[in-house]
Amino acid sequence: MSHESMQTLLNANEEWAQNVIKGTPDFFTQSATGQSPKILWIGCSDSRVPESVITASKPGDIFVHRNIANQFHLNDDSALSVLTYAVKVVGIEHVVLVGHTNCGGAAACLKAAEDAAADTGAPQPDTPLTRWLSPLIALVQSLDLSACSASEALDKVVQTNIITQVDNICNSEPITTAWADPNAKKVTVHGWVYDLARGRIDELVFREAQA
Amino acid sequence: MSQLQLNAAEDLINANERWARDVIKHDPNFFKDSATDSQRPKVLWIGCSDSRVPASVVTASMPGDIFTHTNIANQFHSFDDNVNSVLSYAVDPVGVKHVVLVGHSVCGGAQSAIQAAEQGPVEPYDPLTRWLAPLVQLVRTLDLHGLPENEAVDKVVEANIRKQVENICLSEPIVTAWATGKNVSVHGWVYDLATGRIRELVVRSPPCANASSC
């Protein structure tokens, strides 16, 4: 069994580490003493949206949670524990929920909604992936996409998804608690979309504590 | 954009703009191609949300290289739909060939679990405590007596990586992949924050499909 691509990655890591030390000899020893990122990025697992590369960020800049279709479910301990740790322990100041164009998860939900509407008969199998995407499928079903081309429909799903996840984050305990406490650090929640075709992030929405 | 003057979120968007312009200068078709071709990464990285371990930066990878999932203390819980859906999607349809489970030194999650284990059993009462409960259980099985704090954390970090690799190998996507002869291997890596280096701790390859090809 060949592990050439693994060795390539490990070699790339070695070269990267050496370059960092050449430029900043104490970068890693300093890094090991603690982290104080200002940003929590909740994004998609899609390989084309590596948060630190597309923002030219360094280790220590961005606390990260990435999953299929950049979801924030209020019953998901994984995302909730990340948000809790990021806000209460690490002390981040911005939560950015980042969706992207050409999202495979969003496209899968569009297809699932179309199949359900066409009533092809076979029920959806109960798997982690279908359970994970069922809120997004329900969101798709709530949209009027009748006047949209296929690509317009996908864009509309991607954008509505981002805004819905931002709403979920704003309704979560760590955020509602932070916003209700006048002595808590200020936290802003942003909804961003990354356009694969341009390599650019655009802000769709942001929310702050009401004054 | 918000009414605040320069803030960390705005900085990020500005940095993205500069980065995108740089990429286009060197390869004018990079983004157009990225958008029209579906992704074909060979690697799924399951790591920690810690800001100091950005998968693509520490491996000098480009967009398109690494399918990524991160959470507190790089856990793979068999009952977690979040990570299971990532693994499932990564194996099929994305078609990764390697799953790397990456832990790191000085992990805050590991440190929290060590403290919690010392306090004795407690009913998990919030998402973070529930999330760390399996890791706390793992800590209780380890002999950390007499170890200085950093060595205790290192021991927990390594045991955690090995445990999560086992969990991944027992998961439905991997069991099915191996039973159908799919070429997917599972690696346990540890990233040393103090040196920036990754070290492979363990690798699990698919069992041979038939004896003659071993």
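Residues numbered from 1 in each chain as written. Chains lettered and ligands numbered in written order. Predicted model: local features only at pLDDT ≥ 70, side-chain atom pairs only at ≥ 80, totals over all residues. Heavy atoms only, no water.

Visitor: What exactly am I supposed to notice about the overall build of chain A here?
Guide: For chain A, the count of helices and strands is eight helices and five strands. Reading chain A from its N terminus to its C terminus gives the helix and strand order α-α-β-α-β-α-β-α-α-α-α-β-β. Referenced to the eigenvectors of the C-alpha coordinate spread, the extents of chain A come out at roughly 60 × 55 × 35 Å. When the 211 residues of chain A are sorted by exposure, 54% land in the buried category. When contacts within chain A are restricted to residue pairs at least 6 apart in sequence, long-range pairs at least 24 apart make up 66% of them. Surface accessibility of chain A: about 9100 Å² in total, with carbon and sulfur atoms responsible for 52%. Averaging the locations of the 14 positively and 24 negatively charged side chains of chain A gives two centres separated by 5 Å. (Helix = DSSP H or I, 4+ residues; strand = E, 2+ residues; numbered from the N terminus. Buried < 20%, exposed > 50% of the residue type's maximum accessible area, 1.4 Å probe, protein only. Contact = heavy atoms within 4.5 Å. Areas by Shrake-Rupley, 256 points an atom, 1.4 Å probe, with all protein chains shown as cover. Lys, Arg positive; Asp, Glu negative; His and termini not counted. Charge placed at Lys NZ, Arg CZ, Asp CG, Glu CD.)

Visitor: What's the story with the overall build of chain B in this structure? I'm lost.
Guide: In terms of helices and strands, chain B carries eight helices and five strands. Burial status across chain B gives 55% buried among its 214 residues. Counting only contacts in chain B whose residues sit at least 6 apart along the sequence, the fraction spanning at least 24 positions is 61%. As displayed, chain B has an accessible area near 9800 Å², and 52% of this comes from carbon and sulfur atoms.

Visitor: What exactly am I supposed to notice about the packing of helix H6 (residues 127-140) of chain B against helix H7 (residues 149-169) of chain B here?
Guide: Two packed helices can be described by the angle between their axes and the distance between those axes. Residue and element names in this part refer to chain B. Interhelical geometry of H6 versus H7 gives an angle of 115° and a closest axis separation of 10 Å. The interaxial crossing formed by H6 with H7 has right-handed handedness. For the pair H6 and H7, contact is made by Leu135, Leu138 and Val139 and by Val156, Ala159, Asn160 and Lys163, respectively. (Axes fitted to C-alpha atoms, helices over the stretch in contact; angles between N-to-C directions. Left-handed = near helix turned anticlockwise from the far one by under 90°.)

Visitor: Teacher, can you tell me more about the UniProt feature "binding site: Zn(2+)" (unreviewed entry) in chain B here?
Guide: Residues and elements named next belong to chain B. In the UniProt entry, the feature "binding site: Zn(2+)" (unreviewed entry) is given for Cys48, Asp50, His104 and Cys107. A maximum C-alpha distance of 8.9 Å among these annotated residues, which run over 60 residues, shows that they cluster at one spot. For cysteine 48, the location among the structural elements is in strand E1 (residues 43-48). Not counting chain neighbours up to four residues away, the residues in contact with cysteine 48 comprise Thr70, Asn71, Ile72, Ala73, Asn74, Val102, His104 and Cys107. Owing to a relative accessible area of 1%, histidine 104 belongs among the buried residues under this scheme. Contact partners of histidine 104, with chain neighbours within four places excluded, come to Cys48, Asp50, Arg52, Val53, Val157, Val190, Tyr191 and Leu193. (UniProt positions renumbered as here; feature names shortened; annotations may be inferred.)

Visitor: I keep staring at the interface of chain B and chain A and nothing clicks. Help me out?
Guide: By a widespread convention, an interface's size corresponds to the accessible area lost as its parts come together. Between chain B and chain A, the residue contacts involve 76 residues of the former and 76 residues of the latter. Interface area, chain B with chain A, both sides summed: about 6400 Å², of which 63% is carbon and sulfur. Considering only the surface of chain B that becomes buried against chain A, Leu12, Ser51 and Arg52 of chain B emerge as the three largest contributors, covering 10% of it. The tally of links from chain B across to chain A stands at four salt bridges. Along the contact surface separating chain B from chain A lie 28 residue pairs in polar contact (both at pLDDT 80 or more). At 10 residues, the largest contribution of residues to the side of chain B that touches chain A is made by helix H1 (residues 8-26) of chain B. Residues that form the side of chain B that touches chain A fall into these classes: 36 nonpolar, 30 polar and 10 charged. (Buried area = accessible area lost by both parts, 1.4 Å probe. Salt bridge = Lys/Arg side-chain N within 4 Å of Asp/Glu carboxyl O. Polar contact = N/O pair within 3.5 Å; in protein donor to acceptor, adjacent residues only side chain to side chain. Nonpolar A, V, L, I, M, F, W, Y, C, P; charged D, E, K, R; others polar.)

Visitor: Explain the pattern of salt bridges here, please?
Guide: Opposite charge on two side chains permits pairing when their charged atoms draw close. This model, assessed by the stated rule, comprises 18 salt bridges over all chains. Notably, a salt bridge pairs aspartate 77 of chain A with arginine 130 of chain B, separated by 2.7 Å at the nearest N-O pair. Note that aspartate 77 of chain A is positioned in helix H4 (residues 77-90) and arginine 130 of chain B in helix H6, a pairing that runs across two chains. As a salt-bridge pair, arginine 199 of chain B and glutamate 158 of chain B come within 2.8 Å of each other at their nearest N and O atoms. Remark: glutamate 158 of chain B occurs in helix H7 and arginine 199 of chain B occurs in strand E5 (residues 197-204); sequence separation between them is 41 residues. In this structure arginine 199 of chain B comes out as partly exposed when scored by relative accessible area, which is 46%. On the basis of relative accessible area, glutamate 158 of chain B is assigned to the partly exposed category, the value being 25%. Through salt bridges with shared partners, a single ionic network connects Asp126 and Arg131 of chain A together with Asp81 of chain B.

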